[in-house]
Structure formats: C-alpha cells, structure tokens
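Next come the chains, spelled out residue by residue.
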Amino acid sequence: MNIGRISDLISNETCFEMIRENRWPDGIVRCPHCDSENIKKNGHDNVQVDCQHYYCKSCKRYFDDLTNTVFSGHHRPLKVWVACLYLMALNVSNKQIAQELDLCASDAHHMTTVLRNGVVDQKPEVILDGEVEFDEVYIGDHRTFHQETCSATEPSLYR
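Residues numbered from 1 in each chain as written. Predicted model: local features only at pLDDT ≥ 70, side-chain atom pairs only at ≥ 80, totals over all residues. Heavy atoms only, no water.

K.L.:
Looking at this structure, I do not really get a nonpolar patch on the surface. What am I missing?
P.N.:
On the surface, a nonpolar cluster with roughly 480 Å² of combined accessible area is contributed by Val126, Leu128, Val132 and Phe134. The residue Val126 is located in the segment after α5 (105-122) in this model. (Patch = residues over 30% accessible without salt bridge, like charges linked within 9 Å, V, L, I, M, F, W, Y side chains within 5 Å. Areas by Shrake-Rupley, 256 points an atom, 1.4 Å probe, with all protein chains shown as cover. Salt bridge = Lys/Arg side-chain N within 4 Å of Asp/Glu carboxyl O. Helix = DSSP H or I, 4+ residues; strand = E, 2+ residues; numbered from the N terminus.)

K.L.:
What should I look at first to understand the pattern of salt bridges in this one?
P.N.:
Charged atoms that come close allow side chains of opposite charge to pair. Inspection of the entire model under this criterion finds 3 salt bridges. Two residues, Glu37 and Arg30, come together in a salt bridge whose shortest N-O distance is 2.6 Å.

K.L.:
Got a minute to help me understand unusual backbone geometry in this structure?
P.N.:
Backbone geometry at Asp35 places phi at a positive 65°, although glycine is not the residue there. Counting through the fold element by element, Asp35 comes out in the loop between α2 (12-23) and β1 (39-44).

K.L.:
Got a minute to help me understand α2 in this structure?
P.N.:
Each turn of an α-helix holds 3.6 residues, which means side chains three or four residues apart point in the same direction. Taking 1.5 Å per residue as the helical rise, α2 with its 12 residues ought to reach 16 Å, and the 16 Å between its terminal C-alpha atoms agrees with that figure. When we look at burial in α2, the residues that qualify are Cys15, Phe16 and Ile19. Across the axial projection of α2, the buried residues extend over an arc of 95°, all falling on one side. The inward-facing, buried residues of α2 abut α3 (78-89). (Expected span 1.5 Å × (residues − 1). Buried < 20%, exposed > 50% of the residue type's maximum accessible area, 1.4 Å probe, protein only. Arc of directions from axis to C-beta. Contact = heavy atoms within 4.5 Å.)

K.L.:
Teacher, can you tell me more about the pairing of strand β2 (residues 52-56) here?
P.N.:
If a strand is regular, its side chains alternate between the two faces of the sheet. Across the 5 residues of β2, 4 count as buried, placing the element largely inside the fold. Bridge count for β1 against β2 is 4 bridges, and the pairing is antiparallel. If you follow Ile39 over to β2, its bridge partner there is Cys56. Counted along the chain from β2 to the antiparallel partner strand β3 (residues 62-64), the turn is 5 residues long, and its residue Lys60 has a positive phi close to 60°. (Pairing = 2+ DSSP bridges.)

The quantities given are spatial measurements derived from coordinates; they are silent on function.
Shown next, in the form of structure tokens:
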C-alpha cells in the first residue's frame, strides 16, 4: 500500500497563505524595508506562481511574501521547505527527511541547517536585569579545584 509523501499532501498555495497569515496577522501587508503600509500588489512570481509580489510606494522597493524570511532565495518549492520544517519538528532524521521529500542527503542536510540557523538568528537576545541569584556551583575541571580557592571567611564545603 502506497500512502504517499507528505509533500504531496500540501500545496504551495496553502503554504503561501500560511506565510501571509503569520507574517501579517492583521491582514495589512507592511514593507519589510521601511514598515510602511503604503503597498501595491505587483503581480506574481514566474516560478512560484502563488508568491505575491509587492511594491512599496514609500521607499520605492519591491518585495514578495518571502522577503527577509528563512525561505527566501531558494529554488525548491515552498511546500518542500514547510514539509521539511514539519518533519524536523517531529524529530525526524535528515536521512528520513531526504527519503520522504525525495531529496539527496546533502540537500536535506543543507535545508535543515538553513532552517535551524534561521530559528537561532530570530531568537531574541536575553538581557538580565535586576538582581540575579546564583547557587554555589563550581564549574570547571575538578582536578584543578583546590580548597584554597574558598575564602577564609566562608565555611568550606569540602573539608
């Protein structure tokens, strides 16, 4: 029995709709360059026909649904990238992703690396503020730790 591939179950149209809904949840398209709402639709992509192109009247720049996203600038259809991301979320190995999406192993590795790096790049920087409390923990090589490193006023835990 042939169940089929996950990439055959989803369409590029659905993926682009999902991108638009997540990128502009209020339905108002904003320019990724200047954040203006003064946007005009400007046709579709020649290869990925579901990808909408836009023109910003404020900064006079062109962009599309994928501009400044981890999915931009790649030749594979968006549905393959979304399927890859889905399989990564299920903790599927690169080898299994390659088999499921009908890719060679190096392409699957490249795609998963790009997606992982994209997530890391979007992670906000953590800035500690206020009072920070630490437990008494020694971090390092236990062979180089000596009792002399504890101050004389503190009771030693190692006696």
